[in-house]
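Chain and residue survey
Next come the chains, spelled out residue by residue.
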Amino acid sequence: MTPAVSFQKVARHFGAVKAVDALDLDIAAGEFFAMLGPSGSGKTTCLRLIAGFEQPTAGTISIFGERAEGVPPYRRNVNTVFQDYALFPHLNVLDNVAYGLMVKGIGKAERLKAAEEALALVQLPGYGARRPAQLSGGQRQRVALARALVNQPKVLLLDEPLGALDLKLRENMQEELKSLQKALGITFVFVTHDQGEALSMADRVAVFNEGRIMQVGSPQEIYQRPKTRFVADFVGSSNVLPPDFVQRYAGQRRWGSLRPEAIRVVRDAGNDAVQARVSGVSYLGAATRLTLDTEGLRLHASVPSGSTVPEQGDAVAFTFNRDAIHLMDEAP
Amino acid sequence: MSIAAVTATRDAPASAILPARGGMLGALSDLFWRRPRFLLVLMLMPPLLWLGVVYIGSLLALLLQSFFSIDEFSGLINRQFTLKTYADLLQPANFDIIVRTVTMAALVTLASIAVAFPIAYYAARYAQGRWKALFYLAVMLPLWSSYLVKVYAWKLILAKEGILTWFLAKLHLLWLLDGWLALPYVGGNSLSVSATGTFIAFVYVWLPFMILPMQAALERVPGNLVEASSDLGASPGQTFRNVLFPLALPGIVAGSIFTFSLTLGDYIVPQIIGTSRLFIGQAVYSQQGTAGNIPLAAAFAVVPIVIMAFYLWGAKRMGAFDAL
């Protein structure tokens, strides 16, 4: 099947800065794809390359098999939900949503009807007469979504759309976006720096760093089997284990990762337990995160709420299943 | 360095509330802090007095004068309320002056918008760092020199022996200039004694007043609105019509208030460059000076005020200030 978006050796340089460099990427039609990475990692530039706001310095981009280099944004059947929504302040909500149809020359009655339907789809029926300034952040977000969806794009791009929302609203929107994507079957490409958001929403995640993709895979793969230290550190808040440590416990001289919930803190030190000192205790609600210092290494362990929690400064011991150590590809 | 180390480097204050600074200034500071409105009134008083008495007062005096009339035999002012002076404005000779001035002001404003927009757009969207500084310098620098000097400079440029004629001759385009100068209304013996010359000089001297508010308005249009419009399928022309222009409209209106009202009231440019036909400013000048007809001068001066009031009212109805 033709991929929805295909990057081949795509680069986008700004002077000496390589925002995106030699990037290969295939996004399948109908999937919910997340681009995850810290700020400045090139994920937003990638999105802008798909939208057409940026042109590649090198390489080819195709959208549903059609070459897209040199094609202006207004000739791409791709729509964007902007980070700060970019609603037109001089138009009311209905005219904002109908804008894409208006510039395509669709008659007033027809486009306003379609806009009403799109507003109903994002659960804002009857808000058409208001100005964007009269809406809350969450409502503006929905209007921006409706304004993009009303054009029935082949690919919908979302640039950190939930970043400005508070936690509760963000969780609601995550679920809603996911079910909307399932119902409409449109390819969603979603940029975020929030790993929880990427893991919970996406079918596949690409982890970006310094203009390159470090790993692409399902959320489970990314979380449980990170290929590099960067992915382990950025995605899972996993403990990154140096080759010497891994050699001792897993028998191979490789970088490894160990998830915090795989570490069990025990009172009495058995012969296979590791001695450590508790240097920090953070209460997180469902669990408590302990910071353990051992052998010059700082590890995080997650202790479920309800169990007894040691205090800062306590000497403890911890164990873990040897096969919980995931060996990474990255060479020592 | 720990926090304790940082704080230990200087003596910690002994109490939670610091003692009053003392003295009159200290007492004043405390008073102003407790009564911010008092400070506001104190600061606003001088400019408000100035505006209220000198500016509004003289405007009212002007308005009052326009309702008086002049005794045609004695030349004395008859201080009785009458609309006769306003009726005089409608006489063909006077009404022509009004029509000529308003037409010129409207054309100058339209031309200023057309010339200023690309410059303002470049400055707001693309210019950065030193280019932006250069833009401000280039726009403001002409305002530093005397307006009379600039107008006389234009007279020389536009004269028959001037550089413009010379340049057009080099391009073998003199026939175009001669053809234009042969036209009624806009033509004349040379550009410096034609209405076209007046128009060119007006556009030049008022252009900065159009560029600056326009640039400020365009700068306030977030760049991502232009991107969003393009993303939704609008061609650059559609984006201009549907997004940029409506959002820049308050700036365009602000600029056009300058160019329009400055042209309506100016009496120096048409005096130096142009035909012998009068503009409102010149009419006011001659009526209150040599002719000694203060009421008619006042009535003439009220015309631009009324026109501007209608203009602003119309702009507001068109929604020019909705985006503010």
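The rules behind each value
Residues numbered from 1 in each chain as written. Chains lettered and ligands numbered in written order. Predicted model: local features only at pLDDT ≥ 70, side-chain atom pairs only at ≥ 80, totals over all residues. Contact = placed C-beta atoms within 7 Å. Helix = DSSP H or I, 4+ residues; strand = E, 2+ residues; numbered from the N terminus. Nonpolar A, V, L, I, M, F, W, Y, C, P; charged D, E, K, R; others polar. Pairing = 2+ DSSP bridges. Axes fitted to C-alpha atoms, helices over the stretch in contact; angles between N-to-C directions. Domains from an automatic or database assignment.

On to the interface of chain A and chain B, then. Each partner contributes to the interface: chain A provides 18 residues, whereas chain B provides 17 residues. Sorting the residues of the side of chain A that touches chain B by element identifies strand E6 (78–81) and helix H2 (93–103) of chain A as the ones contributing at least two each. The element contributing the most residues to the side of chain A that touches chain B is H2 of chain A, with three residues. Among the residues forming the side of chain A that touches chain B, the class breakdown is ten nonpolar, five polar and three charged.

All right, on to the sheet that holds strand E5 (residues 66–67) of chain A then. All names here are of chain A. Strand order in this open sheet of four strands is E2-E1-E4-E5, and the pairing throughout is antiparallel. With partners counted over all chains shown, the strands left at the sheet margins are strand E2 (17–27) and E5, one partner each. Where strand E1 (residues 5–14) and strand E4 (residues 58–63) come together, five bridges link them in antiparallel fashion. Within E4, the position partnered with Val5 by the bridge is Ile63.

Residue and element names in this part refer to chain A. Ordered in space as E13-E17-E14-E15-E16, the five strands form an open sheet in which the pairing is antiparallel. Here the strands that pair on one side only, and so sit at the sheet edges, are strand E13 (264–266) and strand E16 (297–304). On average, adjacent strands in this sheet sit at an angle of 45 degrees to one another, irrespective of strand direction. For strand E15 (residues 287–294) and E16, the ladder comprises eight bridges, and the chain directions are antiparallel. The residue bridging Asp293 from the neighbouring strand is Arg298, located in E16.

Residue and element names in this part refer to chain A. Mapped onto the fold, Ala114 is located in helix H3 (residues 108–121). Through-space distance from the C-alpha of Ala114 to that of Leu94 is 9.7 Å; in sequence the pair is 20 residues apart. Apart from residues lying up to four places away in sequence, Ala114 is in contact with Leu101 and Val150.

The subject of this paragraph is the domain arrangement of chain B. All names here are of chain B. In terms of domain boundaries, chain B breaks down into domain 1 (24–66) and domain 2 (90–317). Using C-alpha coordinates to define each centre, domain 1 is positioned 34 Å away from domain 2. Each side of the interface is counted separately: domain 1 has four residues, and domain 2 has six residues.

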